[in-house]
Amino acid sequence: QFLYVDDCCECLYLLSKKYDIIDKTREYHVTSFQWNSIRQIADIISKNFNNIPVDGTQKKDMIQRNINTEPNTNVLSFWSPKTDIESGVKMVIEKMS
């Protein structure tokens, strides 16, 4: 799950401001709450570079073995991400250019 840096910073800032009042027995996962594959990200990047070809692979995930641990949603009671993945990738490319 990819998260745009400004969204991440905003959430961490809000967590720090609420530190004295949040329930510290709960976890607060900072994420986009959206699953994206590396291939999907590569395709989004490709679109921003005149649809350059993206070569894929048939290799399987040998590190995490396709295990997706769902994040808890506790943080959504006071924050939610604002930047979708396509917009975030585009903004990163623009900032790097």
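Summary of the structure given here. Here the structure is a predicted model, which is why all the values come from computation and not from measurement.

Membership of the largest hydrophobic core is limited to six residues, which are Cys-11, Leu-15, Ile-22, Tyr-28, Val-75 and Trp-79. Among residues more than four places away in sequence, those in contact with Val-75 are Cys-11, Tyr-28, His-29 and Phe-33. Ranked by size, the runner-up nonpolar core spans five residues in total, among them Ile-44, Ile-85, Val-89 and Ile-93.

The next thing to look at is the side chain of Ser-32. Along the chain, the position of Ser-32 falls in the loop between α1 (5-17) and α2 (38-47). Take Ser-32: its relative accessible area is 16%, and that puts it in the buried class. Only 2.9 Å separates the side chain of Ser-32 from the backbone oxygen of Phe-2, close enough to count as a polar contact. Residues in contact with Ser-32, not counting those within four places in the same chain, are Gln-1, Phe-2, Leu-3 and Pro-81.

Thresholds applied
- Residues numbered from 1 in each chain as written.
- Predicted model: local features only at pLDDT ≥ 70, side-chain atom pairs only at ≥ 80, totals over all residues.
- Heavy atoms only, no water.
- Core = buried A, V, L, I, M, F, W, Y, C linked by side-chain atoms within 4.5 Å.
- Buried < 20%, exposed > 50% of the residue type's maximum accessible area, 1.4 Å probe, protein only.
- Contact = heavy atoms within 4.5 Å.
- Helix = DSSP H or I, 4+ residues; strand = E, 2+ residues; numbered from the N terminus.
- Polar contact = N/O pair within 3.5 Å; in protein donor to acceptor, adjacent residues only side chain to side chain.

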